[in-house]
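Observations on chain architecture
So you can see what is in the structure, the chains are spelled out below.
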Amino acid sequence: MNLDRFDALKEGQSAKLNRTFTAEDVREWCELCQLDQDWPGVPEPLIAGLFSCLLGEDLPGHGTNYLKQAMTFHTAADTSEALQASVTISRLRRDKALVNLTTVCTGRDGRLICDGEALVLFQH
Amino acid sequence: MSDANIPCEQNFMLTQEDFDRFARLSGDHNPIHVDPEFSARTSFGRTVSHGMLLFSVVRSLLAQTWPGSTLNRQSLMFPSPAYAGDTLALVVEQQKAEGDRLVLKTTITRPDGETCLTGECELTVPEKEAS
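The text that follows walks through the structure, step by step, so that each part is easy to find.

Calculation criteria
- Residues numbered from 1 in each chain as written.
- Chains lettered and ligands numbered in written order.
- Predicted model: local features only at pLDDT ≥ 70, side-chain atom pairs only at ≥ 80, totals over all residues.
- Heavy atoms only, no water.
- Helix = DSSP H or I, 4+ residues; strand = E, 2+ residues; numbered from the N terminus.
- Buried < 20%, exposed > 50% of the residue type's maximum accessible area, 1.4 Å probe, protein only.
- Contact = heavy atoms within 4.5 Å.
- Disulfide = S-S within 2.5 Å.
- 1 Å grid on protein atoms, 1.4 Å probe; cavity = no way out; pocket = protein on both sides within 12 Å on 5 of 7 lines; lining within 4 Å.
- Points joined across faces, edges and corners; volume = space filled by probe spheres on them.
- Nonpolar A, V, L, I, M, F, W, Y, C, P; charged D, E, K, R; others polar.
- Buried area = accessible area lost by both parts, 1.4 Å probe.
- Salt bridge = Lys/Arg side-chain N within 4 Å of Asp/Glu carboxyl O.
- Pairing = 2+ DSSP bridges.
- Expected span 1.5 Å × (residues − 1).
- Axes fitted to C-alpha atoms, helices over the stretch in contact; angles between N-to-C directions.
- Parallel < 35°, antiparallel > 145°, perpendicular 65-115°, else oblique.
- Left-handed = near helix turned anticlockwise from the far one by under 90°.

1. Some remarks on the environment of B:Ala89
All names here are of chain B. Checked against the element boundaries, alanine 89 lands in strand S3 (residues 87-98). You can call alanine 89 partly exposed: its relative accessible area is 25%. Separated by 72 residues in sequence, alanine 89 and glutamate 17 place their C-alpha atoms 20 Å apart. Once residues lying within four places of it in the same chain are set aside, the contact partners of alanine 89 are Gln10, Asn11, Thr107, Ile108 and Thr109.

Put into structure tokens, the structure is as follows:
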């Protein structure tokens, strides 16, 4: 088990991304999962996808093995609403190469869309 | 199992094209999902589905079964990877119903019996839909 990259992680470290979903994105998502309905707002899996994108691409980054995600959805995000997703390391368990992170998505004026927690394995 | 209350279930198959489309939608272009040559050199041996693409299939079935419902919370675990071309079985079991709230257990299983997704969610269903 190579922990060089794990050892570079620090509790409190965070990563963010900004994203605005369009009505076309939502139509594409409905088509992808064969859902013949108009969807009001942004589907929750696209919000969840922002966290998985951050975890896999940024923090911890490539090589991340996504084990768990828990989410509470406070209000539906609107299409064309500027969203900011963030992940923040809350706990590092070196003996098991596990990383716990808090995950938050906010919308216009900082309103809370979704919050939750992720658990990933990060070893090489 | 005979006592399980299963309001809905669905068999489905994902393709590399589905992985590519979800990568474009989510911005997650990690090679383990979209690059077959890279993935062949990893321990997985081939590309694997985004976990949130599996969640998308779950969410879609929930929306079809309980139109107009609201997803309040969702937990997800991804014990084993899901591959393109496999027939995957999604089963939704009802754990609890209280007023207009439903607690459901969701499971996606591979042909070899390994679990790709397991989760629990809480839905608020419109009054007339509540049992």
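2. A closer look at the state of the cysteines
Overall, the coordinates contain 0 disulfides over all chains when judged by the stated rule. Of all cysteine sulfurs, the one in A:Cys105 lies closest to A:Cys53, which takes part in no disulfide; the gap is 13 Å. No disulfide involves B:Cys8; its sulfur sits 9.4 Å from the nearest other cysteine sulfur, which is in B:Cys121. The exposure class assigned to B:Cys8 is buried, which follows from its relative accessible area of 9%.

3. As for the layout of surface pockets
The space that makes up the largest pocket amounts to roughly 720 Å³. Along the walls of the largest pocket sit 32 residues, with A:Thr64, A:Asn65, A:Tyr66, B:Ile32 and B:Phe44 positioned nearest its centre. If you list the elements that add at least two residues to the lining of the largest pocket, you get helix H3 (44-57) and strand S2 (65-73) of chain A together with helix H2 (31-34) and helix H4 (51-65) of chain B. Residues that form the lining of the largest pocket fall into these classes: 15 nonpolar, 16 polar and 1 charged. As for the second largest pocket, its lining consists of 23 residues, and the residues nearest its centre are A:Trp39, A:Pro40, A:Glu44, B:Arg59 and B:Ser69. Within the residue set of the lining of the second largest pocket, elements represented by two or more residues are H3 of chain A together with H4 and strand S2 (70-77) of chain B. The biggest single contributor to the lining of the second largest pocket is S2(B), with 3 residues. Looking at the lining of the second largest pocket, its residues break down into 13 nonpolar, 7 polar and 3 charged.

4. Some details on the interface of chain B and chain A
The interface of chain B with chain A comprises 28 residues on the first partner and 30 residues on the second. Overall, the association of chain B and chain A removes approximately 2,600 Å² of surface from exposure, summing both partners, and the carbon and sulfur fraction of that is 58%. Sorting the residues of chain B by area buried against chain A places B:Arg21, B:Leu25 and B:Met52 first, and these three jointly supply 25% of that buried surface. Notably, a salt bridge pairs A:Glu44 with B:Arg59, separated by 2.7 Å at the nearest N-O pair. Put simply, the parts of the chain that give the side of chain B that touches chain A at least two residues each are helix H1 (16-26), H4 and S2 of chain B. No other element matches H4(B), which puts 9 residues into the side of chain B that touches chain A. Partitioned by chemical class, the residues of the side of chain B that touches chain A number 12 nonpolar, 10 polar and 6 charged. Two strands pair when backbone bridges link them, and S2(A) and S2(B) are joined in this way by 5 bridges, in the antiparallel orientation. Of the residues in S2(B), the one forming a bridge with A:Thr72 is B:Arg73.

5. Observations concerning H3(A)
Its 14 residues give H3(A) an end-to-end C-alpha distance of 20 Å, which sits within 8% of 20 Å, the value for a rise of 1.5 Å per residue. For H3(A), the buried fraction is high: 13 of the 14 residues fall into the buried class.

6. Quick word on the packing of H3(A) against H4(B)
Relative to each other, H3(A) and H4(B) sit at 170°, their axes nearing to 9 Å. Overall, the two elements H3(A) and H4(B) adopt an arrangement that is roughly antiparallel. In this structure, the crossing between H3(A) and H4(B) has a hand that is right-handed. In this structure, H3(A) contributes A:Glu44, A:Pro45, A:Ala48, A:Gly49 and A:Ser52 to the contact, and H4(B) contributes B:Met52, B:Phe55, B:Ser56 and B:Arg59. Among the residues forming the contact of H3(A) with H4(B), the class breakdown is 4 nonpolar, 3 polar and 2 charged.

7. Side note on unusual backbone geometry
All names here are of chain A. In this chain, leucine 59 is followed by proline 60 through a cis amide linkage whose omega measures 0°. Within the secondary structure layout, proline 60 lies in the loop between H3 and S2. Positive phi, normally seen in glycine, also occurs at glutamine 34, with a value near 50°. In this fold, glutamine 34 is placed in the loop between helix H2 (23-32) and H3. On the basis of relative accessibility, which here comes to 65%, the residue glutamine 34 falls in the exposed class. One non-glycine residue, serine 80, lies in positive phi territory at about 70°.

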